[in-house]
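# Structural characterization, general
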Amino acid sequence: MTNLVEVRSLKKHFRLPGGWLSGNVRFVYAVDGIDLSIAYGETFGLVGESGCGKTTLGRMILRLIEPTEGTIVFDKQDITSIDKRKMKSLRRQMQIVFQNPLSSLSPRFRVEQIVAEPLMTHGVLEKDEIRPRIIELLEQVGLGAQHLDRFPHEMSGGQCQRVAVARALALNPKLIVLDEPTSALDVSVQAQIINLLDELKKSLGLTYLFISHDLNVVQHISDRIGVMYLGKLVELGDAQDVFDEPLHPYTQALFGAIPMPVVDDTLELKILEGNVPSPVNPPSGCRFHTRCPIAQHICQETEPALREVRSGRHVACHFVE
Ligand code: SF4
């Protein structure tokens, strides 16, 4: 399968303010050496607790955040250090939908202006072609011409997120990064947005990077998933396989913490204990060793590599076997 996105050894270290005079410059190791690929037409789900680096990774792939190290290849082109002018034209092909639709849509603009903005910025249509294209986009996301004159505050959260999706589709992108696209919505609306995204992906041949802490949603929509912990990928594989049989102790603990609608007493629920350590001073060796129920001495000293333990399945743990 050919890849639309390939990242190699990608890192983002944010420098904390101060420390120059004392010689104690400190960094947040938000993303710390990620290798992953996303195939054309794939939905890749990225999961992990808050602060694990998944949003930073998604934004780096779009070059909204500059990487500290590593490479990003998009559609067979190395985009790690291309200049702003080239990046502007590439941006048509890569879009993002944010978590909170109300804050990501300008409150002063009507829907028509919001969806028109990327079309105008990139000058891809004649003036008289813009309105019909906006209506077409609104219809693709389950809205219509009757919404053109509305302001965001005159619509529901679900309708606002549909407008954000319409805007993301305006330039016929190849990749859309969906950054917690349903977590600000009511549960009843979440399923509608997920189904819409799934339908659009199939009908328009899109590729998604779907970032979420909601494991049920990720399981529903993803082809493959990656599990992140403290800036590292700890498990990667086919979504159903990972959900059916998580292999890394962190994935097992994370999935054990999903609220189950039906109590199944054959399942051993493993609730994660303790807080995530600080990404400013991550633990030595395996970063999960301070919370891992099966940690051994080697785990404190030697970092486990993310290695293929069965076909298409990668796990970073010394004791996965
Ligand atoms: Fe746990 Fe050690 Fe495996 Fe890390 S390497 S997940 S600490 S057993």
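Relevant structure appears above.
What counts as what
- Residues numbered from 1 in each chain as written.
- Predicted model: local features only at pLDDT ≥ 70, side-chain atom pairs only at ≥ 80, totals over all residues.
- Heavy atoms only, no water.
- Pairing = 2+ DSSP bridges.
- Helix = DSSP H or I, 4+ residues; strand = E, 2+ residues; numbered from the N terminus.
- Contact = heavy atoms within 4.5 Å.
- Axes fitted to C-alpha atoms, helices over the stretch in contact; angles between N-to-C directions.
- Phe/Tyr/Trp six-rings, centres within 6.5 Å; stacked < 30°, edge-to-face > 60°.
- Buried < 20%, exposed > 50% of the residue type's maximum accessible area, 1.4 Å probe, protein only.
- Near = heavy atom within 4 Å.
- Nonpolar A, V, L, I, M, F, W, Y, C, P; charged D, E, K, R; others polar.
- Polar contact = N/O pair within 3.5 Å; in protein donor to acceptor, adjacent residues only side chain to side chain.
- Expected span 1.5 Å × (residues − 1).
- Arc of directions from axis to C-beta.

## Some details on the sheet that holds strand β4 (residues 69-74)
- Sheet architecture is open: 4 strands sit in the order β2-β1-β4-β5, paired in antiparallel fashion. The open sheet is flanked by β2 (27-39) and β5 (77-78), the only strands paired with a single partner.
- Contacts between helix α1 (residues 54-61) and the sheet are confined to β1 (3-15), β2 and β4, with β1 contributing the most and set at about 120° to the helix.

## Focus on the packing of aromatic side chains
- Inspection of the entire model under this criterion finds 5 aromatic pairs.
- For the ring pair Y229 and F288, a centre distance of 5.1 Å and an interplane angle of 80° mean the geometry is edge-to-face. Placement of the pair is Y229 in strand β9 (residues 224-229) and F288 in the loop between α10 (249-256) and α11 (297-301), with a sequence separation of 59 residues. Note on accessibility: Y229 and F288 belong to one class, buried.
- Here a set of aromatic residues connected by ring pairs shows up, and it is made of Y229, Y250 and F288.

## Some details on the pairing of strand β10 (residues 232-238)
- Along β10, 6 of the 7 residues are buried, which leaves the element largely enclosed by surrounding structure.
- As defined by bridge partners, β9 adjoins β10 across 6 bridges and the pair is classed as antiparallel. Residue pairing for β10: M228 is matched across the bridge by L233.
- Where β9 folds back onto β10 in an antiparallel hairpin, the turn is made up of 2 residues, including L230, whose phi is positive at roughly 45°.

## Overview of the site of the ligand
- Close contacts around the ligand come from 13 residues, with C286, C292, C299, C317 and H318 the closest.
- Among the residues making up the shell around the ligand, the classes are represented as 10 nonpolar, 3 polar and no charged.

## Things to note about the side chain of H248
- Locating H248 in the fold gives a position in the loop between α9 (239-244) and α10.
- A polar side-chain atom of H248 sits 2.9 Å from the main-chain amide nitrogen of Y250.

## Some details on the environment of H297
- Relative to the assigned elements, H297 resides in helix α11.
- Along the backbone, H297 and G285 are 12 residues apart, and their C-alpha atoms lie at a distance of 9.7 Å.
- Here the side chain of H297 touches E301 through a polar contact of 3.2 Å, side chain to side chain.

## So, the environment of I193
- Its location among the elements puts I193 in helix α7 (residues 187-204).
- Residue I193 is classed as buried on the basis of its relative accessible area of 1%.
- It is 26 Å that separates the C-alpha atoms of I193 and L90, two residues lying 103 residues apart in sequence.
- If we ignore the near neighbours within four places in the chain, the residues touching I193 are G158, Q161, R162, T182 and L185.

## A short note on the sheet that holds strand β7 (residues 175-179)
- If you walk across this open sheet you meet the 8 strands as β6-β7-β8-β3-β9-β10-β12-β11, and the pairing is mixed. The sheet terminates laterally at β6 (94-97) and β11 (307-310), the two strands that pair on one side only. Taken over all neighbouring pairs, the strand axes of this sheet differ in orientation by 25° on average, direction set aside.
- Contacts from α10 reach β3 (43-47), β9 and β10 within the one sheet, and its direction differs from that of β9 by about 100°.

## With respect to unusual backbone geometry
- Non-glycine residue R63 carries a positive phi angle of around 60°.
- Turning to its location among the elements, R63 is positioned in the loop between α1 and β4.
- Residue L230 is not a glycine yet carries a positive backbone phi of 45°.
- Tracing the sequence through the fold places L230 in the loop between β9 and β10.
- The class of L230 is buried, set by a relative accessible area of 1%.

## What to know about helix α4 (residues 111-122)
- By the burial criterion, the buried members of α4 are V111, I114, V115, A116, P118, L119 and H122.
- Where α4 is buried, its residues touch α2 (84-91), α5 (127-140) and α6 (157-169).
- Phi turns positive one or two residues past the end of α4, at G123, with a value near 55°.

## Observations concerning the side chain of R291
- Mapped onto the elements of the fold, R291 is located in the loop between α10 and α11.
- There is a polar contact of 3.1 Å between the side chain of R291 and the side chain of E49.
- Within the structure, R291 has its side chain in polar contact with the side chain of Y229 (distance 3.3 Å).

## A few points about α5
- When the terminal C-alpha atoms of α5 are compared, their 21 Å separation across 14 residues agrees well with the 20 Å that a helix rising 1.5 Å per residue should span.
- Regarding α5, the residues found buried are I130, R133, I134, L137 and L138. Down the axis of α5, the buried side of the element spans an arc of 135°, and every buried residue falls inside it. Exposed residues lying more than 90 degrees from the buried face of α5 are D128 and E139.
- As for α5, its buried residues are in contact with α4 and α6.
- G142 sits one or two positions beyond α5 and adopts a positive phi of about 85°.

Distances and angles like these do not, on their own, reveal function.
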